[in-house]
Amino acid sequence: MRGYVVFLRRPYAGRLLGATLLGRLPNGMGMLAVVLHVRSDGGGYPLAGTLAAILGLATAAGQPVLGRAMDRLGQPRVLIPAAWASAAGFAALAAIGADPLPVAVAAVIAAGFATPPLEAGLRALWPDVLDGPEQVDAAYALDAAAQELLFTVGPLLVVAAAVANTETALLLTGALGIAGTLIVALSGPSRRWRGEPRASDWAGPLRSPGLRVLLLSLACAGIALGVYAVAVVAYAERQDSEAASGLLLACMAGGALTGGIVYGARRWAGAPHRRLPWLMAALAAGYVPLVLAPGLAVMAVLAFVSGVFLAPVLACSFTLVDRLAPSGTVTEAFAWVVAAVGAGGSLGSFVAGVGQDVAGVPGAFAGAGAGGLLALTLCLFGGRTFHPAPAQPTPANAEASA
């Protein structure tokens, strides 16, 4: 644990990590806040679920776009306007509800698409803030582990705010995004950071074959996460226990938090591109037994185990992204990771619903194992592309990102 102490003592490290988590709370609040507000406004579950899905997809679509803008313009000039625009989207939905529907859809798209890419921005800052690769790896692991708290604390904040009214929950979601973003964007490292020169092409980080394979693999892992979030609700209904879904979500988050802290607390031998397939195999192995859907006590243990290797997979992936991203595209590359996992999660929600209709609770959980195995397969067959390519000279038409 000494590595974490040293890392957090670095100037700005604690501030940046804490403020980024604060500003990312809307990621764990937005969908639930939208669903509760639409339901309180008289909308049905299909409409509420559709608007929540639109929010998630808009967020996934906006992250690479805003990440590319940050690589070109710096962080504050993108983060601060984006946070205000996202909050305005939530405020508009709070004001109008679900009717008229086109305006509600536009508000949800604005709230999602303008979500500030704090997660990607933080990972781009770590090499400048921290001292050496070992501290950066520890930061990636702690970041990946701590983000599980967002999906535990966020929904609790929404439920607490909704006791007053659902409008308050939406406004709080936007306000927390602004607060965390301002703390990050006004810090010295964020104001000073500039992207490196980059080639003038539309593909950006996607021109890296290794990064493309990694993103597809993480999208498949995202499918497993999306499946899990829906399948635990079906499991809770079968158990006739309203608390079961929350317990199982908390158990998986606890496993991820534990795994991330342990992973980052030690120094690992070997290159990350050799380590990732083993970590992905362990992650897939944790998802497969969920299809058994046993009693709640055993299921809680399986849920905890299924989360243990999630944060290590993400932390190792972040290290690879840092090495595979072409010059001048690092923020956009990290934003694509967020987009890939988010898009996979949206698909996973659909897969779980289909599986539930076809084969009940075991069918719903089967999608999690399938997503994990697909992620592993991509790592194994595309792993040769994870080898960092030799540094290429910056093309003559490269442009400064500042």
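By the naming in an unreviewed UniProt entry, the protein chain is MFS transporter, taken from Actinomadura decatromicini.

(A) Region of interest: the overall build of the protein chain. Helix and strand content of the protein chain: 16 helices and zero strands. Taken over C-alpha atoms, the radius of gyration comes to 20 Å for the protein chain, in line with the 21 Å a tight globule of 402 residues would show. For the protein chain, the spread of C-alpha atoms along the three principal axes comes to 60 × 45 × 40 Å. Considering the protein chain as a whole, with its 402 residues, one finds that 53% of them fall into the buried category. Restricting the contact set of the protein chain to residue pairs at least 6 apart, pairs at least 24 apart contribute 83%. When the accessible area of the protein chain is evaluated, it comes to approximately 16,500 Å², of which 69% is carbon and sulfur surface.

(B) Quick peek at the nonpolar core. One finds Phe7, Trp126, Leu276 and Phe365 to be the most contacted residues of the largest nonpolar core, which totals 112 residues. Broken down by element, this core gets its largest block of residues, 16 residues, from helix α11 (residues 209-239). Here this core spans two domains, and each of domain 1 (11-195) and domain 2 (204-387) adds at least three residues to it.

(C) Seen up close, the packing of helix α8 (residues 133-162) against helix α15 (residues 310-324). Following both chains from N to C, one finds α8 and α15 inclined at 135 degrees, their axes separated by 8 Å at the closest point. When the axes of α8 and α15 are compared, the pair comes out oblique. Crossing angle aside, the handedness with which α8 passes α15 is right-handed. Of the residues in α15, those touching α8 at Asp137, Tyr140, Ala141, Ala144, Ala145, Gln147 and Glu148 are Leu310, Ala311, Leu314, Ala315, Phe318, Thr319 and Asp322.

(D) View of unusual backbone geometry. Of note, the bond from Asp99 into Pro100 is cis; its omega dihedral lies within 30 degrees of zero at 5 degrees. Along the chain, Pro100 falls in the loop between α5 (76-96) and α6 (101-113). Backbone geometry places Tyr12, a non-glycine residue, at a positive phi of 75 degrees. As for its position among the elements, Tyr12 is in the loop between α1 (2-9) and α2 (13-23). On the accessibility criterion, Tyr12 (32% relative accessible area) is partly exposed.

(E) Structural view of the environment of Thr166. Residue placement: Thr166 occurs in helix α9 (residues 166-185). Taking the C-alpha atoms as reference points, Thr166 and Gly97, separated by 69 residues in sequence, lie 9.9 Å from one another. When residues no more than four places from it in sequence are discounted, the contact partners of Thr166 are Leu36, His37 and Ser40. Here Ser40 takes part through its side chain, which lies 3.0 Å from a polar atom of the side chain of Thr166.

(F) Summary view of the confidence of the model for the protein chain. The predicted model of the protein chain has a mean per-residue pLDDT of 87, with 94% of residues at 70 or higher. Segment residues 391-402 is flagged for pLDDT under 50; beyond a separation of four residues in sequence, or across chains, it makes 20 contacts in the model.

(G) Focus on the pattern of salt bridges. By the definition in use, this model includes five salt bridges. Its salt-bridge partner being Arg68, residue Glu332 comes within 2.8 Å of it at the nearest N-O pair. Taken together, the residues span a long stretch of sequence, with Glu332 in helix α16 (residues 330-382) and Arg68 in helix α4 (residues 45-73) at a distance of 264 residues. Arg68 sits in the buried class, given a relative accessible area of 19%. Between Glu119 and Arg123 there is a salt bridge, and its shortest N-O distance comes to 2.6 Å. Of this pair, Glu119 and Arg123 both sit in helix α7 (residues 118-129), four residues apart, roughly one helical turn. In this structure Glu119 comes out as buried when scored by relative accessible area, which is 11%. The class for Arg123 is buried, based on a relative accessible area of 0%. A single network of salt bridges, built from pairs that share partners, joins Arg24, Glu119, Arg123 and Asp143.

(H) How the structure looks around the environment of Cys316. Among the structural elements, Cys316 can be located in helix α15. Remark: the alpha-carbon pair of Cys316 and Ala141, spanning 175 residues in sequence, is separated by 7.9 Å.

(I) Molecular detail of the domain arrangement of the protein chain. Under the domain assignment used here, the protein chain contains domain 1 (11-195) and domain 2 (204-387). Each of domain 1 and domain 2 was reduced to a C-alpha centroid, and the two centroids are 21 Å apart. In this assembly, 27 residues from domain 1 lie in contact with 28 residues from domain 2. Regarding the contact of domain 1 and domain 2, the summed buried area is about 2,300 Å², with carbon and sulfur atoms giving 68% of it.

Thresholds, definitions, all that
Numbering of residues starts from 1 in every chain and runs along the sequence as written. Only residues with pLDDT of at least 70 are given local features in this predicted model, and only at 80 or more are side-chain atom pairs given and counted; all residues enter the totals for whole chains, interfaces and linings. The side-chain quantities take in all heavy atoms of the structure and omit both hydrogens and water. Going along the chain from the N terminus, every DSSP run of H or I of four or more residues is numbered as a helix, and every run of E of two or more is numbered as a strand. As defined in this context, the radius of gyration uses C-alpha atoms, and a globule is described by 2.2 Å times the residue total to the power 0.38. Exposure classes here rest on a 1.4 Å probe applied to the protein chains alone. A residue is buried below 20% of its type maximum, exposed above 50%, and partly exposed in between. Working rule for contacts: check all heavy atoms of both residues, and any pair within 4.5 Å makes them a contact. Under the convention used here, a 1.4 Å probe and the Shrake-Rupley method define accessible areas, while residue burial counts only the protein chains that appear. Put simply, a nonpolar core is a bunch of buried Ala, Val, Leu, Ile, Met, Phe, Trp, Tyr and Cys residues held in one set by side-chain atoms that sit within 4.5 Å of each other. Domain start and end points were adopted from an automatic or database domain assignment. Each axis is a line fitted through C-alpha atoms, taken for helices only over the stretch in contact, and angles between the N-to-C directions span 0 to 180 degrees. Oblique is the label for any angle not under 35 degrees, not over 145, and not in the 65 to 115 range, which are roughly parallel, roughly antiparallel and roughly perpendicular in turn. Helix crossings fall into two classes, left-handed where the near helix is turned counterclockwise from the far one by less than a right angle and right-handed where it is turned clockwise. Think of a polar contact as two N or O atoms within 3.5 Å of one another; within protein, one of them needs to be a possible hydrogen donor and the other a possible acceptor, and neighboring residues in sequence only count if both atoms come from side chains. Every residue carries a pLDDT, the predictor's confidence in it, which falls somewhere between 0 and 100. Salt bridge, as applied in this entry: a Lys or Arg side-chain nitrogen positioned within 4 Å of an Asp or Glu carboxyl oxygen. Accessible area that two parts lose when put together, evaluated with a 1.4 Å probe and summed over both, is termed the buried area.

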